[in-house]
Amino acid sequence: MATTSRTNSETSATPSASPSRINALGIAAVAVTVVLWASAFVGIRAIGPTFSPGSLTLGRLAVAAVVLGAVVLPQLLKSRKLPQGREWWPILAYGVMWFGGYNVALNAAEHLLDAGTSAMLINVSPILIAVLAGVFLKEGFPRWLIIGSLVAFCGVALIAFGSGSGSGSGDGPTTDVAGVLLCLLAAVLAAVSVIIQKPVLRKFPAGQATLFGILVGAACCLPFTGQLVSELQSAPLPATLGLLYLGVFPTAIAFTTWAYALSLIDAGKLAATTYLVPGATILISWLVLSEIPTIWGLVGGVVCLVGVGLTRRRSRGPRNAA
């Protein structure tokens, strides 16, 4: 019976569909993830003055746990299938590092760095993921993945240059050594977490794997409970609504669509698509906050699109290559 249960669980964790169907679903999941994660940068910027890094993380994760739990828990109760023994170790690892550590580090970094610099530093992560996936997940190092990643990174650098050129004066945040280190720490935590999460998705569906990680991350942030309660009491309504948005959309939904896409697509290729996030962030800021992008930002966004497009090319070789 245990063997049958495990087999059924693994079957449900990996959707059974034709390659074209999987490709379409994977692309849709990636698109949702990119747009919602881009909106998170705008949301964090908007409510950052109201919530400190730790309380903001706890608030996001608490909201996400309630929303995603309402969807996933009935499935868990029906299947009665929870991680057993050593299966918890990778979940605990990416829960602590990604949902907890990454978010706190990034929130803290954005208090010290301008948005462009933060975007550039965070986008070290896809390169790290490509390297780690090639070594530990045996995905190799496809030529076009490396070329496209480097081109896309140049696009992110252009976006950061455009952002930084306008932040050299005034009271806005400037480059800070502590902020740089926090941003690089966040990038490393995200990269390692993706590699750890990939095998988990062979055993558990994306929603369950995401909920487990969110719960672990929220537990790590419980020391910030008093701070969150205090800040919520004095927070204006728009900031509270912003916190709810961050919990529902960029966290509960986007991390689930990311996990779903990761179950279908190689980690290195999927990570390269996140180079689109800075460009999407500029567009959303333009539409929502009326922040007009610089010419460097627009050019950088186009270069990112070209780079991500290059990562999707296939090197000449056996047709059964991923």
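Refer to the structure above for everything that follows.
An account of the accompanying structure is given in this report. (Residues numbered from 1 in each chain as written. Predicted model: local features only at pLDDT ≥ 70, side-chain atom pairs only at ≥ 80, totals over all residues. Heavy atoms only, no water.)

### Observations regarding the overall build of the chain
Heads up, the condition is: Helical segments are the DSSP runs of H or I of at least four residues, strand segments are the runs of E of at least two, and each set is numbered from the N terminus. When a residue's accessible area, from a 1.4 Å probe over protein chains only, is under 20% of the maximum for its type it is buried; when over 50% it is exposed; and in between it is partly exposed. Two residues form a contact once any of their heavy atoms are found within 4.5 Å.
A count of helical and extended segments in the chain gives 14 helices and zero strands. When the elements of the chain are put in sequence order from the N terminus, they spell out α-α-α-α-α-α-α-α-α-α-α-α-α-α. Among the 322 residues that make up the chain, the fraction classed as buried is 49%. Residue pairs at least 24 apart in sequence account for 91% of intrachain contacts in the chain once pairs closer than 6 positions are excluded.

### Regarding the nonpolar core
Test applied: Residues grouped as a nonpolar core are buried Ala, Val, Leu, Ile, Met, Phe, Trp, Tyr and Cys residues, joined through side-chain atoms within 4.5 Å.
With 70 residues, the main nonpolar core has Phe51, Trp98, Tyr102 and Ala267 as its most contacted residues. Setting aside anything within four residues of it in sequence, one finds Ala267 in contact with Ile129, Ala133, Leu137, Glu139, Val194, Ile195 and Leu262.

### Points about the side chain of Lys198
Just so we agree on the cut-off: Pairs of N or O atoms within 3.5 Å make up the polar contacts considered here, provided that, within protein, one atom can donate a hydrogen while the other can accept it, and that residues adjacent in sequence are counted only when both atoms are side-chain atoms.
If you trace the backbone, Lys198 turns up in helix α8 (residues 177-200). Polar side-chain contacts of Lys198 include one of 2.9 Å to the backbone oxygen of Ile265. With sequence-adjacent residues up to four places away left out, Lys198 is seen in contact with Leu137, Glu139, Leu262, Ser263, Ile265 and Asp266.

### Description of the state of the cysteines
Applied cut-off: The disulfide definition used here is simple: a pair of cysteine sulfur atoms within 2.5 Å.
Using the criterion set out here, one finds zero disulfides in the structure. Free of any disulfide, Cys220 has its nearest cysteine sulfur in Cys221, 6.5 Å distant. A relative accessible area of 35% means that Cys220 is categorised as partly exposed.

### Describing helix α4 (residues 88-109)
Quick note on the threshold: What a helix should span is 1.5 Å times the count of its residues minus one. We define the bend at any residue as the angle between the axes fitted to the seven residues before and including it, ending there, and the seven starting there.
Helix length check: α4, at 22 residues, gives a terminal C-alpha distance of 30 Å against a target of 32 Å (1.5 Å per residue), a fit within 8%. Where α4 bends most, at Gly101, the angle is about 35 degrees.

### Considering the environment of Phe212
Mapped onto the fold, Phe212 is located in helix α9 (residues 206-220). Owing to a relative accessible area of 4%, Phe212 belongs among the buried residues under this scheme. Remark: the alpha-carbon pair of Phe212 and Tyr94, spanning 118 residues in sequence, is separated by 9.6 Å. Ignoring anything within four residues of it in the chain, the contact list for Phe212 reads Leu76, Leu82, Pro83, Trp88, Ile91 and Phe204.

### Regarding a nonpolar patch on the surface
Our working definition: Exposure above 30% relative accessible area and the absence of a salt bridge qualify a residue for a patch, where like charges join within 9 Å and nonpolar side chains (Val, Leu, Ile, Met, Phe, Trp, Tyr) within 5 Å. Accessible surface area values rest on a Shrake-Rupley calculation with a 1.4 Å probe, where residue burial reflects the displayed protein chains alone. Think of a salt bridge as a Lys or Arg side-chain nitrogen and an Asp or Glu carboxyl oxygen that are within 4 Å of each other.
Residues Phe161, Leu283, Trp286, Leu287, Val288, Ile295, Trp296, Leu298 and Val299 make up a contiguous nonpolar surface patch of roughly 930 Å² in combined accessible area. You can see Leu287 is positioned in helix α13 (residues 276-288).

### Things to note about the environment of Pro49
Within the element layout of this structure, Pro49 appears in the loop between α2 (19-47) and α3 (53-79). Looking at Pro49, the relative accessible area reads 74%, which means it is exposed. Separated by 62 residues in the primary sequence, Pro49 and His111 have C-alpha atoms spaced 8.7 Å apart.

Any link to function would need more than the numbers given here.
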